[in-house]
Amino acid sequence: MLPVWISGGAVLDTKRLEAFTKVVDLGSMTSAAKVLNVAQPALSQHIASLEADFKCKLLDRSARGVKPTEAGRILYRYAKSIQRQIEEARRTILDNKPELTGNVTIGLAPLSSAALLATPLLMQVRERYPGIVPHIYDSSGIMLSEMMLKGSMDMAVLYGDRPVTGLDYKPLMREYFYLVAPRSMYPEQMPPEEVSAEEVAQFDLLLPYRESFLRQTVERVCAEVGLRPRIVAEIHSQSTLSSAIAAGVGAAVLPISIAKALPNLDELCIRRINAPSASQQMSLCISDNVALSDAAFAVYKILLEIIVKNWGQFDCPPGSAAIAAGGATSPLDGPKDEP
């Protein structure tokens, strides 16, 4: 076990931190004890020892499970960061290589322009830092935010710009949404380039899960005109969504970047939704409390390069806040306390 010094001369060891984070992850002392292969009384002693060191309660126990207190959530974020840094140190020492190594976790909102960043990011990281292993998640924005708060994710490109304690949102661009339907749904003549909220509500729609910002946007667009979207299927996968649209199961609502990437583009009719709320701010999210590791900061810089290079080329409607490179006031200035 490795010691970690804290104020007042007390010493934490990584074994106790691992025990604490596992209890929070699983929400159960019993489950954590089984996974860690330790007796439950020993695990409880680890937690009690931590609470004694920090002189505060770290976990709330109830019949429904175990949840961290506010102090526990703060310790969880730092404990996760310490665990990642120790793992990177271990890999660097074992590999005995001077270049950057380690695991870096990146969240990219699915069915958004962020999803198109994955391939160039993987290629650039592979070319420049072969010792870094990127982990890419494409979950809903809420899930990505939760992973960021827990310290299990280094950065994320997602919808939203609302301040969240512990997270820093850097605005990138505003993404506008389009109705994407097979041309067969318009048998008489080609429709106009724009579609109203009332018309969107009349289509059979294929939308992602309720937790998705995209789904919430469509529901809000329809609600503003007193209607509800007619959802015939919930689909999270881009490939499945593409097949379902091609088969005529229904229409989808997507940003133009994803719509134009669908394989059957010539068989689709893409119309911008003409509604005040038919758009979402895209932001780059990092922790506001814990500095990025050297490996994560290297990936962060590559991600910014790719965004600056590509996102100004999208076919966004007038008024979209596409990002631009350079300048001290750029929203892409580096993270706080960078290594």
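Residues numbered from 1 in each chain as written. Predicted model: local features only at pLDDT ≥ 70, side-chain atom pairs only at ≥ 80, totals over all residues. Heavy atoms only, no water.

### Describing the pattern of salt bridges
Counted according to the given criterion, the structure contains 12 salt bridges. Between D25 and K80 there is a salt bridge; the shortest N-O distance is 3.3 Å. Of this pair, D25 sits in helix 1 (residues 14–26) while K80 sits in helix 4 (residues 70–95), placing them 55 residues apart in sequence. Relative accessible area serves as the criterion here: at 34%, D25 is assigned to the partly exposed category. Here the salt bridges share partners, and the residues they tie into one network are R210, R215, E219 and E234. (Salt bridge = Lys/Arg side-chain N within 4 Å of Asp/Glu carboxyl O. Helix = DSSP H or I, 4+ residues; strand = E, 2+ residues; numbered from the N terminus. Buried < 20%, exposed > 50% of the residue type's maximum accessible area, 1.4 Å probe, protein only.)

### A short note on helix 2 (residues 29–36)
Every buried residue of helix 2 is listed here: M29, A32 and A33. Taken end-on, helix 2 shows its buried residues confined to a sector of 100°, consistent with a single buried face. Exposed and oriented more than 90 degrees from the buried face of helix 2 are K34 and V35. For helix 2, the N-terminal capping position is held by S28, with its side-chain oxygen 3.3 Å away from the main-chain nitrogen of T30. (Arc of directions from axis to C-beta. Polar contact = N/O pair within 3.5 Å; in protein donor to acceptor, adjacent residues only side chain to side chain.)

### Details of the confidence of the model for the chain
If pLDDT is low for a region, its predicted coordinates should not be looked at in detail. Of all residues in the chain, 85% have pLDDT values of 70 or greater, and the mean over the chain is 82. For residues 1–11, every residue scores under 50 in pLDDT, and the model assigns this stretch 22 contacts once sequence neighbours within four places are set aside. (pLDDT = per-residue confidence, 0-100. Contact = heavy atoms within 4.5 Å.)

### Observations regarding the packing of helix 5 (residues 118–128) against helix 11 (residues 294–310)
As a packed pair, helix 5 and helix 11 sit with axes 10 Å apart at the nearest point and diverge in direction by 130°. Between helix 5 and helix 11, the angle is such that the two are oblique. Seen from above, helix 5 lies across helix 11 with right-handed handedness. Between helix 5, through P120, L121, Q124, V125 and R128, and helix 11, the contact on the second element is made entirely by V299, I302, L303, E305 and I306. In terms of residue class, the contact of helix 5 with helix 11 is made up of seven nonpolar, one polar and two charged. (Axes fitted to C-alpha atoms, helices over the stretch in contact; angles between N-to-C directions. Parallel < 35°, antiparallel > 145°, perpendicular 65-115°, else oblique. Left-handed = near helix turned anticlockwise from the far one by under 90°. Nonpolar A, V, L, I, M, F, W, Y, C, P; charged D, E, K, R; others polar.)

### Quick word on the packing of aromatic side chains
With the rule as written, the count across this model stands at three aromatic pairs. An angle of 50° between the planes, with centres 6.0 Å apart, marks the rings of Y186 and F203 as tilted. Of this pair, Y186 sits in the loop between strand 8 (167–182) and strand 9 (194–196) while F203 is found in the loop between helix 7 (197–200) and strand 10 (204–207), placing the two residues 17 residues apart along the sequence. By relative accessible area, Y186 is classed as buried at 12%. With a centroid separation of 6.1 Å and 15° between ring planes, the pair formed by F297 and Y300 is classed as stacked. Residue F297 and its partner Y300 are located together in helix 11, separated by three residues, close to a single helical turn. (Phe/Tyr/Trp six-rings, centres within 6.5 Å; stacked < 30°, edge-to-face > 60°.)

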